[in-house]
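# Descriptive analysis of the structure
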Amino acid sequence: MNDRILMSSPDVGEVEERYLLDAFRSGWIAPLGPDVDAFEREIADRVGVAHAAALASGTAALHLGLLTLGVRPGDVVLTSTLTFAATANAIVYTGARPHFIDSELESGNIDPELLEHALTELHDAGTRVAAIVPVDLLGKAADYTRILPIAERFGVPMLADAAESLGATHRGRPAGSFGAASAISFNGNKIMTTSGGGMLLTDDSDLASRVRYLSTQARQPAVHYEHTEIGYNYRLSNLLAALGRAQLTRLDSMMARRRQVRDVYRALFAEVPGASIFGGDDDAEDNCWLTSVIIDPGEAAWTAKDLRAALEAANIESRPLWKPMHLQRVFANAAATLNGNAQRLFETGLTLPSGSALTDAQVERVAAAIEDFVDAGV
Ligand SMILES: *Cc1c(COP(=O)(O)O)cnc(C)c1O
(Lines give C-alpha, C1' and ligand atoms only; values in the text may rest on other atoms or scores of the structure.)
Protein backbone atom coordinates (compact mmCIF):
# COMPACT_ATOMS: atom_id res chain seq x y z
CA MET A 1 0.00 0.00 0.00
CA ASN A 2 1.19 3.51 -0.82
CA ASP A 3 1.88 5.93 2.05
CA ARG A 4 -1.14 7.92 3.10
CA ILE A 5 -1.40 11.39 1.54
CA LEU A 6 -2.87 13.92 3.98
CA MET A 7 -4.85 17.08 3.26
CA SER A 8 -2.62 19.63 4.94
CA SER A 9 0.28 18.37 7.00
CA PRO A 10 2.87 20.65 8.61
CA ASP A 11 5.57 21.89 6.25
CA VAL A 12 8.70 22.10 8.40
CA GLY A 13 12.40 21.48 7.85
CA GLU A 14 15.86 22.85 8.48
CA VAL A 15 14.84 26.50 8.94
CA GLU A 16 12.34 25.54 11.65
CA GLU A 17 14.87 23.23 13.31
CA ARG A 18 17.44 26.04 13.47
CA TYR A 19 15.05 28.65 14.95
CA LEU A 20 13.69 26.15 17.47
CA LEU A 21 17.15 25.02 18.61
CA ASP A 22 18.36 28.62 18.88
CA ALA A 23 15.43 29.43 21.15
CA PHE A 24 16.07 26.31 23.22
CA ARG A 25 19.76 27.11 23.59
CA SER A 26 19.02 30.73 24.49
CA GLY A 27 17.50 29.43 27.73
CA TRP A 28 14.09 31.04 27.19
CA ILE A 29 12.12 27.90 27.96
CA ALA A 30 9.81 29.55 30.49
CA PRO A 31 6.69 30.51 28.64
CA LEU A 32 7.33 34.07 27.49
CA GLY A 33 10.55 35.42 25.98
CA PRO A 34 12.18 37.39 23.16
CA ASP A 35 10.84 35.14 20.38
CA VAL A 36 7.26 35.84 21.47
CA ASP A 37 7.90 39.59 21.29
CA ALA A 38 9.64 39.29 17.92
CA PHE A 39 6.97 36.96 16.50
CA GLU A 40 4.22 39.38 17.54
CA ARG A 41 6.08 42.28 15.90
CA GLU A 42 6.72 40.33 12.69
CA ILE A 43 3.12 39.16 12.29
CA ALA A 44 1.75 42.64 13.09
CA ASP A 45 4.06 44.11 10.42
CA ARG A 46 3.12 41.45 7.91
CA VAL A 47 -0.61 42.03 8.38
CA GLY A 48 -0.28 45.78 8.82
CA VAL A 49 -1.83 46.12 12.28
CA ALA A 50 -0.45 47.96 15.29
CA HIS A 51 -0.67 45.13 17.85
CA ALA A 52 -0.52 41.35 18.00
CA ALA A 53 -0.90 39.17 21.09
CA ALA A 54 0.48 35.63 20.74
CA LEU A 55 -1.84 33.05 22.29
CA ALA A 56 -2.09 29.30 22.80
CA SER A 57 -4.60 28.84 19.96
CA GLY A 58 -6.84 30.57 17.48
CA THR A 59 -9.76 29.55 19.67
CA ALA A 60 -8.20 31.43 22.61
CA ALA A 61 -7.81 34.48 20.34
CA LEU A 62 -11.51 34.31 19.42
CA HIS A 63 -12.51 33.87 23.08
CA LEU A 64 -10.45 36.81 24.36
CA GLY A 65 -11.37 38.92 21.34
CA LEU A 66 -15.06 38.47 22.14
CA LEU A 67 -14.56 39.17 25.86
CA THR A 68 -12.58 42.35 25.22
CA LEU A 69 -15.19 43.58 22.75
CA GLY A 70 -17.67 43.38 25.60
CA VAL A 71 -19.56 40.19 24.77
CA ARG A 72 -21.46 39.07 27.88
CA PRO A 73 -23.75 36.23 28.93
CA GLY A 74 -27.10 36.48 27.19
CA ASP A 75 -25.80 38.55 24.26
CA VAL A 76 -26.25 37.45 20.67
CA VAL A 77 -23.20 37.09 18.39
CA LEU A 78 -23.71 36.70 14.64
CA THR A 79 -21.36 34.38 12.80
CA SER A 80 -21.07 32.30 9.66
CA THR A 81 -22.71 28.88 9.79
CA LEU A 82 -20.11 27.44 7.40
CA THR A 83 -17.10 27.31 9.69
CA PHE A 84 -15.11 25.10 12.01
CA ALA A 85 -16.75 24.58 15.41
CA ALA A 86 -14.08 26.67 17.17
CA THR A 87 -15.76 29.89 16.03
CA ALA A 88 -19.09 28.97 17.59
CA ASN A 89 -17.53 27.34 20.65
CA ALA A 90 -15.68 30.56 21.53
CA ILE A 91 -18.99 32.45 21.43
CA VAL A 92 -20.52 29.94 23.84
CA TYR A 93 -17.50 30.22 26.22
CA THR A 94 -18.50 33.85 26.85
CA GLY A 95 -22.07 32.88 27.75
CA ALA A 96 -23.40 34.54 24.60
CA ARG A 97 -25.64 32.80 22.06
CA PRO A 98 -24.42 32.23 18.50
CA HIS A 99 -26.83 33.16 15.72
CA PHE A 100 -25.75 31.56 12.45
CA ILE A 101 -25.84 33.31 9.09
CA ASP A 102 -25.77 31.40 5.81
CA SER A 103 -23.31 31.75 2.95
CA GLU A 104 -22.77 33.23 -0.44
CA LEU A 105 -22.76 30.28 -2.81
CA GLU A 106 -19.53 31.02 -4.63
CA SER A 107 -17.22 31.76 -1.67
CA GLY A 108 -19.05 30.05 1.19
CA ASN A 109 -18.43 33.22 3.21
CA ILE A 110 -21.10 35.00 5.24
CA ASP A 111 -23.80 36.52 3.00
CA PRO A 112 -23.85 40.30 3.70
CA GLU A 113 -27.51 40.60 2.66
CA LEU A 114 -28.60 37.90 5.10
CA LEU A 115 -26.42 39.49 7.76
CA GLU A 116 -28.19 42.80 7.25
CA HIS A 117 -31.55 41.06 7.33
CA ALA A 118 -30.74 39.33 10.64
CA LEU A 119 -29.41 42.56 12.18
CA THR A 120 -32.56 44.40 11.19
CA GLU A 121 -34.82 41.73 12.67
CA LEU A 122 -32.84 41.49 15.90
CA HIS A 123 -32.68 45.26 16.20
CA ASP A 124 -36.45 45.56 15.72
CA ALA A 125 -36.99 42.87 18.36
CA GLY A 126 -34.81 44.83 20.80
CA THR A 127 -32.17 42.09 21.04
CA ARG A 128 -28.61 43.21 21.80
CA VAL A 129 -26.13 41.97 19.19
CA ALA A 130 -22.72 42.23 20.82
CA ALA A 131 -20.44 41.28 17.91
CA ILE A 132 -20.27 40.02 14.34
CA VAL A 133 -17.74 37.29 13.55
CA PRO A 134 -17.27 36.69 9.81
CA VAL A 135 -15.00 33.79 8.81
CA ASP A 136 -12.50 33.81 5.92
CA LEU A 137 -13.35 30.36 4.59
CA LEU A 138 -10.47 28.17 3.38
CA GLY A 139 -8.27 31.23 2.87
CA LYS A 140 -10.59 33.57 0.97
CA ALA A 141 -11.35 36.78 2.85
CA ALA A 142 -15.00 37.55 3.52
CA ASP A 143 -16.52 40.52 1.68
CA TYR A 144 -15.47 43.19 4.18
CA THR A 145 -16.24 45.94 1.69
CA ARG A 146 -19.90 45.11 2.19
CA ILE A 147 -19.86 43.72 5.74
CA LEU A 148 -18.12 46.59 7.55
CA PRO A 149 -20.55 49.37 6.57
CA ILE A 150 -23.46 47.15 7.71
CA ALA A 151 -21.78 46.45 11.05
CA GLU A 152 -21.04 50.16 11.49
CA ARG A 153 -24.59 51.19 10.66
CA PHE A 154 -25.89 48.95 13.46
CA GLY A 155 -23.05 49.97 15.80
CA VAL A 156 -21.89 46.38 16.29
CA PRO A 157 -18.12 45.65 16.55
CA MET A 158 -16.62 43.09 14.19
CA LEU A 159 -14.14 40.39 15.18
CA ALA A 160 -12.85 38.60 12.07
CA ASP A 161 -12.10 34.88 12.26
CA ALA A 162 -9.03 34.96 10.02
CA ALA A 163 -7.78 31.58 11.29
CA GLU A 164 -7.63 30.23 7.73
CA SER A 165 -6.61 33.35 5.80
CA LEU A 166 -3.18 34.57 6.95
CA GLY A 167 -1.41 35.87 3.82
CA ALA A 168 -4.63 36.51 1.88
CA THR A 169 -5.87 40.01 1.01
CA HIS A 170 -9.21 41.69 0.26
CA ARG A 171 -8.91 44.54 -2.25
CA GLY A 172 -5.23 44.81 -1.46
CA ARG A 173 -5.63 44.88 2.33
CA PRO A 174 -4.34 41.91 4.33
CA ALA A 175 -6.77 39.48 5.95
CA GLY A 176 -6.52 39.98 9.69
CA SER A 177 -6.59 43.78 9.43
CA PHE A 178 -10.36 44.33 9.17
CA GLY A 179 -12.74 45.38 11.93
CA ALA A 180 -12.00 45.90 15.62
CA ALA A 181 -9.80 42.80 15.85
CA SER A 182 -8.98 39.50 14.15
CA ALA A 183 -8.09 36.02 15.33
CA ILE A 184 -5.53 33.93 13.45
CA SER A 185 -4.46 30.34 14.05
CA PHE A 186 -1.16 28.48 13.85
CA ASN A 187 -2.68 25.03 14.36
CA GLY A 188 -0.82 22.13 12.77
CA ASN A 189 -2.96 22.04 9.62
CA LYS A 190 -3.02 25.79 8.92
CA ILE A 191 -1.06 27.68 6.26
CA MET A 192 1.77 28.11 8.77
CA THR A 193 2.05 26.45 12.14
CA THR A 194 3.57 26.69 15.61
CA SER A 195 2.27 23.13 16.17
CA GLY A 196 -0.46 24.89 18.13
CA GLY A 197 -1.01 28.60 18.61
CA GLY A 198 -2.85 31.71 17.57
CA MET A 199 -2.86 35.50 17.73
CA LEU A 200 -5.21 38.36 18.35
CA LEU A 201 -4.54 41.23 15.94
CA THR A 202 -5.80 44.78 16.46
CA ASP A 203 -4.99 48.46 15.99
CA ASP A 204 -6.45 49.22 19.42
CA SER A 205 -3.70 49.34 22.07
CA ASP A 206 -6.16 49.12 25.00
CA LEU A 207 -7.74 46.02 23.53
CA ALA A 208 -4.31 44.43 22.96
CA SER A 209 -3.19 45.12 26.55
CA ARG A 210 -6.42 43.74 27.92
CA VAL A 211 -5.99 40.55 25.87
CA ARG A 212 -2.44 40.13 27.20
CA TYR A 213 -3.65 40.71 30.75
CA LEU A 214 -6.54 38.23 30.49
CA SER A 215 -4.28 35.66 28.81
CA THR A 216 -1.86 35.65 31.77
CA GLN A 217 -4.41 34.90 34.54
CA ALA A 218 -5.51 38.54 34.92
CA ARG A 219 -2.66 39.37 37.29
CA GLN A 220 -2.65 42.89 38.67
CA PRO A 221 0.81 44.47 38.88
CA ALA A 222 1.62 43.43 42.46
CA VAL A 223 4.34 41.07 43.71
CA HIS A 224 1.82 38.95 45.60
CA TYR A 225 -0.39 38.27 42.51
CA GLU A 226 -3.45 40.43 43.10
CA HIS A 227 -6.60 39.44 41.17
CA THR A 228 -9.78 41.39 40.60
CA GLU A 229 -11.29 39.30 37.81
CA ILE A 230 -11.14 35.88 36.17
CA GLY A 231 -8.20 35.27 33.85
CA TYR A 232 -6.95 32.57 31.52
CA ASN A 233 -3.68 30.77 30.83
CA TYR A 234 -3.63 31.41 27.10
CA ARG A 235 -0.14 32.68 26.22
CA LEU A 236 2.05 31.14 23.50
CA SER A 237 5.36 29.64 24.62
CA ASN A 238 8.65 31.15 23.51
CA LEU A 239 9.78 27.89 21.86
CA LEU A 240 6.65 27.75 19.72
CA ALA A 241 7.01 31.42 18.80
CA ALA A 242 10.48 30.59 17.44
CA LEU A 243 8.90 27.91 15.26
CA GLY A 244 6.37 30.47 14.08
CA ARG A 245 9.10 32.97 13.17
CA ALA A 246 10.78 30.35 11.02
CA GLN A 247 7.49 29.52 9.30
CA LEU A 248 6.79 33.20 8.65
CA THR A 249 10.04 33.52 6.66
CA ARG A 250 8.60 30.82 4.37
CA LEU A 251 4.96 31.94 4.27
CA ASP A 252 5.10 33.35 0.74
CA SER A 253 6.76 30.28 -0.72
CA MET A 254 4.34 27.97 1.13
CA MET A 255 1.41 29.97 -0.29
CA ALA A 256 2.91 29.75 -3.78
CA ARG A 257 3.23 25.99 -3.44
CA ARG A 258 -0.41 25.66 -2.38
CA ARG A 259 -1.42 27.72 -5.38
CA GLN A 260 0.59 25.40 -7.65
CA VAL A 261 -1.27 22.42 -6.22
CA ARG A 262 -4.59 24.23 -6.78
CA ASP A 263 -3.62 24.93 -10.39
CA VAL A 264 -3.04 21.21 -10.96
CA TYR A 265 -6.58 20.48 -9.73
CA ARG A 266 -8.02 23.35 -11.73
CA ALA A 267 -6.51 22.01 -14.96
CA LEU A 268 -7.61 18.50 -14.07
CA PHE A 269 -11.26 19.38 -13.42
CA ALA A 270 -11.55 21.93 -16.25
CA GLU A 271 -12.73 19.23 -18.65
CA VAL A 272 -14.94 17.39 -16.16
CA PRO A 273 -18.65 18.20 -16.55
CA GLY A 274 -20.31 19.32 -13.31
CA ALA A 275 -17.03 19.84 -11.43
CA SER A 276 -15.64 23.24 -10.47
CA ILE A 277 -12.96 24.51 -8.12
CA PHE A 278 -14.59 26.00 -5.02
CA GLY A 279 -14.27 29.77 -4.72
CA GLY A 280 -14.38 30.49 -8.42
CA ASP A 281 -11.62 31.63 -10.74
CA ASP A 282 -11.21 34.89 -8.89
CA ASP A 283 -8.71 33.64 -6.31
CA ALA A 284 -5.71 35.91 -6.90
CA GLU A 285 -6.07 37.36 -3.39
CA ASP A 286 -6.63 34.01 -1.61
CA ASN A 287 -3.88 32.23 0.30
CA CYS A 288 -5.07 28.91 -1.22
CA TRP A 289 -5.01 27.24 2.21
CA LEU A 290 -7.27 24.40 1.09
CA THR A 291 -8.59 23.55 -2.36
CA SER A 292 -12.03 22.02 -2.70
CA VAL A 293 -13.98 20.85 -5.69
CA ILE A 294 -17.75 21.27 -5.98
CA ILE A 295 -19.59 18.48 -7.75
CA ASP A 296 -22.99 19.08 -9.28
CA PRO A 297 -24.35 15.52 -9.13
CA GLY A 298 -26.95 16.20 -11.83
CA GLU A 299 -24.22 17.03 -14.32
CA ALA A 300 -21.41 14.81 -13.13
CA ALA A 301 -23.23 11.47 -12.76
CA TRP A 302 -21.23 10.90 -9.60
CA THR A 303 -21.07 12.66 -6.26
CA ALA A 304 -18.44 14.20 -4.01
CA LYS A 305 -18.99 11.17 -1.77
CA ASP A 306 -18.12 8.79 -4.62
CA LEU A 307 -14.91 10.69 -5.30
CA ARG A 308 -14.05 10.65 -1.61
CA ALA A 309 -14.46 6.87 -1.51
CA ALA A 310 -12.21 6.45 -4.57
CA LEU A 311 -9.50 8.62 -3.02
CA GLU A 312 -9.79 6.78 0.29
CA ALA A 313 -9.27 3.48 -1.56
CA ALA A 314 -6.02 4.95 -2.91
CA ASN A 315 -5.04 5.95 0.67
CA ILE A 316 -5.57 9.67 -0.01
CA GLU A 317 -7.29 11.86 2.58
CA SER A 318 -10.12 14.17 1.53
CA ARG A 319 -13.07 15.67 3.42
CA PRO A 320 -16.38 17.42 2.84
CA LEU A 321 -16.42 21.16 3.54
CA TRP A 322 -17.19 22.11 7.14
CA LYS A 323 -20.53 20.73 8.26
CA PRO A 324 -22.58 23.90 8.86
CA MET A 325 -23.04 24.79 12.52
CA HIS A 326 -26.84 25.01 12.24
CA LEU A 327 -26.85 21.30 11.24
CA GLN A 328 -24.71 20.25 14.22
CA ARG A 329 -26.57 18.62 17.07
CA VAL A 330 -24.73 20.67 19.68
CA PHE A 331 -26.12 23.88 18.12
CA ALA A 332 -29.57 22.52 17.27
CA ASN A 333 -31.27 25.16 19.43
CA ALA A 334 -29.30 28.12 18.11
CA ALA A 335 -30.96 30.74 15.94
CA ALA A 336 -30.08 30.86 12.25
CA THR A 337 -30.84 32.94 9.17
CA LEU A 338 -30.58 30.60 6.20
CA ASN A 339 -30.64 30.43 2.43
CA GLY A 340 -29.57 26.80 1.97
CA ASN A 341 -26.16 27.54 0.46
CA ALA A 342 -23.97 26.25 3.30
CA GLN A 343 -25.84 22.95 3.36
CA ARG A 344 -25.55 22.67 -0.41
CA LEU A 345 -21.79 23.31 -0.26
CA PHE A 346 -21.46 20.75 2.52
CA GLU A 347 -23.28 18.17 0.42
CA THR A 348 -21.52 18.83 -2.89
CA GLY A 349 -18.00 19.89 -1.87
CA LEU A 350 -14.85 17.87 -1.30
CA THR A 351 -11.56 19.24 0.01
CA LEU A 352 -8.48 17.69 -1.59
CA PRO A 353 -4.89 17.33 -0.38
CA SER A 354 -3.63 20.92 -0.48
CA GLY A 355 -0.58 21.16 1.78
CA SER A 356 2.62 22.93 0.79
CA ALA A 357 4.64 19.92 1.94
CA LEU A 358 3.15 17.72 -0.79
CA THR A 359 5.87 16.48 -3.15
CA ASP A 360 5.41 16.53 -6.92
CA ALA A 361 5.15 12.75 -6.81
CA GLN A 362 2.34 12.95 -4.24
CA VAL A 363 0.44 15.55 -6.26
CA GLU A 364 0.80 13.32 -9.32
CA ARG A 365 -0.52 10.36 -7.35
CA VAL A 366 -3.61 12.33 -6.29
CA ALA A 367 -4.13 13.59 -9.85
CA ALA A 368 -3.82 10.07 -11.24
CA ALA A 369 -6.33 8.72 -8.72
CA ILE A 370 -8.81 11.47 -9.65
CA GLU A 371 -8.29 10.83 -13.37
CA ASP A 372 -8.79 7.09 -12.96
CA PHE A 373 -12.01 7.72 -11.05
CA VAL A 374 -13.35 10.29 -13.51
CA ASP A 375 -12.50 8.09 -16.52
CA ALA A 376 -14.23 5.10 -14.96
CA GLY A 377 -17.22 7.16 -13.80
CA VAL A 378 -18.25 8.95 -16.98
C1 LIG B 1 -8.53 26.39 12.86
C2 LIG B 1 -9.68 27.30 13.05
C3 LIG B 1 -9.96 27.90 14.29
C4 LIG B 1 -9.29 27.50 15.57
O5 LIG B 1 -7.94 27.63 15.62
P6 LIG B 1 -7.12 26.75 16.68
O7 LIG B 1 -5.77 27.37 16.62
O8 LIG B 1 -7.14 25.35 16.19
O9 LIG B 1 -7.76 26.90 18.00
C10 LIG B 1 -10.98 28.82 14.37
N11 LIG B 1 -11.72 29.13 13.31
C12 LIG B 1 -11.50 28.58 12.10
C13 LIG B 1 -12.35 29.00 10.96
C14 LIG B 1 -10.49 27.64 11.94
O15 LIG B 1 -10.31 27.05 10.75
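Residues numbered from 1 in each chain as written. Predicted model: local features only at pLDDT ≥ 70, side-chain atom pairs only at ≥ 80, totals over all residues. Heavy atoms only, no water.

## A word on the pairing of strand β1 (residues 51–55)
Counted residue by residue, β1 has four buried out of five residues, so it is predominantly covered. Relative to strand β9 (residues 198–202), β1 is paired through five bridges, and the arrangement is antiparallel. If you follow A53 over to β9, its bridge partner there is L200. (Buried < 20%, exposed > 50% of the residue type's maximum accessible area, 1.4 Å probe, protein only. Helix = DSSP H or I, 4+ residues; strand = E, 2+ residues; numbered from the N terminus. Pairing = 2+ DSSP bridges.)

## Some thoughts on helix α1 (residues 14–26)
One turn of the α-helix equals 3.6 residues, which is why residues spaced by three or four share an orientation. For α1, which comprises 13 residues, the first-to-last C-alpha distance of 18 Å matches the rise-based estimate of 18 Å (1.5 Å per residue) to within 8%. Downstream of α1 by a residue or two, G27 has a phi angle that is positive, lying close to 90°. (Expected span 1.5 Å × (residues − 1).)

## Examining the sheet that holds β1
Strand order in this open sheet of four strands is β1-β9-β8-β5, and the pairing throughout is mixed. With partners counted over all chains shown, the strands left at the sheet margins are β1 and β5 (159–161), one partner each. Averaged over all pairs of adjacent strands, the angle between strand axes in this sheet comes to 20°, irrespective of strand direction. Note: strand β8 (residues 181–185) against β9, four bridges, orientation antiparallel. Pairing of S182 across the sheet is with L201, part of β9. (Axes fitted to C-alpha atoms, helices over the stretch in contact; angles between N-to-C directions.)

## Notes on a nonpolar patch on the surface
Where nonpolar side chains cluster on the molecular surface, the patch consists of L21, F24 and I29 and spans about 270 Å² of accessible area. With respect to the secondary-structure elements, L21 resides in helix α1. (Patch = residues over 30% accessible without salt bridge, like charges linked within 9 Å, V, L, I, M, F, W, Y side chains within 5 Å. Areas by Shrake-Rupley, 256 points an atom, 1.4 Å probe, with all protein chains shown as cover. Salt bridge = Lys/Arg side-chain N within 4 Å of Asp/Glu carboxyl O.)

## Looking at the pairing of strand β13 (residues 349–352)
Neither face of β13 is left uncovered, since the one carrying G349 and T351 and the one carrying L350 and L352 both have all their residues buried. Two elements, strand β11 (residues 291–295) and β13, share four bridges in a ladder whose sense is antiparallel. Following the sheet pairing, I294 is matched in β13 by G349.

## Considering helix α6 (residues 144–153)
Along α6, the positions that sit buried rather than exposed are Y144, I147, L148, I150 and A151. Taken end-on, α6 shows its buried residues confined to a sector of 165°, consistent with a single buried face. Along α6, the residues that are exposed and aim more than 90 degrees away from the buried face are E152 and R153. Each element contacted by the buried residues of α6 is listed here: α5 (112–124), β4 (129–133), β5 and β6 (169–170). Following α6 by one or two positions, G155 adopts a phi angle in the positive range, close to 65°. (Arc of directions from axis to C-beta. Contact = heavy atoms within 4.5 Å.)

## What about the packing of aromatic side chains?
The relation between two aromatic rings is expressed through the spacing of the ring centres and the mutual angle of the planes. Across all of its chains, the model carries six aromatic pairs by this definition. With a centroid separation of 5.1 Å and 40° between ring planes, the pair formed by F84 and W322 is classed as tilted. Note that F84 is positioned in the loop between β2 (76–80) and α4 (85–93) and W322 in the loop between α11 (304–313) and β12 (335–337), a separation of 238 residues in sequence. Relative accessible area serves as the criterion here: at 43%, F84 is assigned to the partly exposed category. The class of W322 is partly exposed, set by a relative accessible area of 23%. On the basis of an interplanar angle of 85° and a centroid distance of 4.8 Å, the ring pair of W302 and F373 is categorised as edge-to-face. Of this pair, W302 sits in the loop between α10 (297–300) and α11 while F373 sits in helix α13 (residues 360–377), and the two are 71 residues apart along the sequence. F373 shares its class with W302; the two are buried. Positioned above the aromatic ring of F178 is the side chain of R173, whose terminal nitrogen or guanidinium carbon lies 4.3 Å from the ring centre. (Phe/Tyr/Trp six-rings, centres within 6.5 Å; stacked < 30°, edge-to-face > 60°. Lys NZ or Arg CZ within 6 Å of the ring centre and 35° of its normal.)

## Remarks on the packing of α11 against α13
Axes are the key here: two packed helices are described by the angle between their axes and the distance separating the axes. One way to put it is that α11 packs onto α13 with a least axis distance of 10 Å and a crossing angle of 130°. Put simply, α11 runs oblique to α13. Two packed elements cross with a definite hand, and for α11 against α13 that hand is right-handed. Across from D306, L307, A310 and L311 in α11, the residues of α13 making contact are A369, I370 and F373. Tallied by class, the residues present in the contact of α11 with α13 amount to six nonpolar, no polar and one charged. (Parallel < 35°, antiparallel > 145°, perpendicular 65-115°, else oblique. Left-handed = near helix turned anticlockwise from the far one by under 90°. Nonpolar A, V, L, I, M, F, W, Y, C, P; charged D, E, K, R; others polar.)

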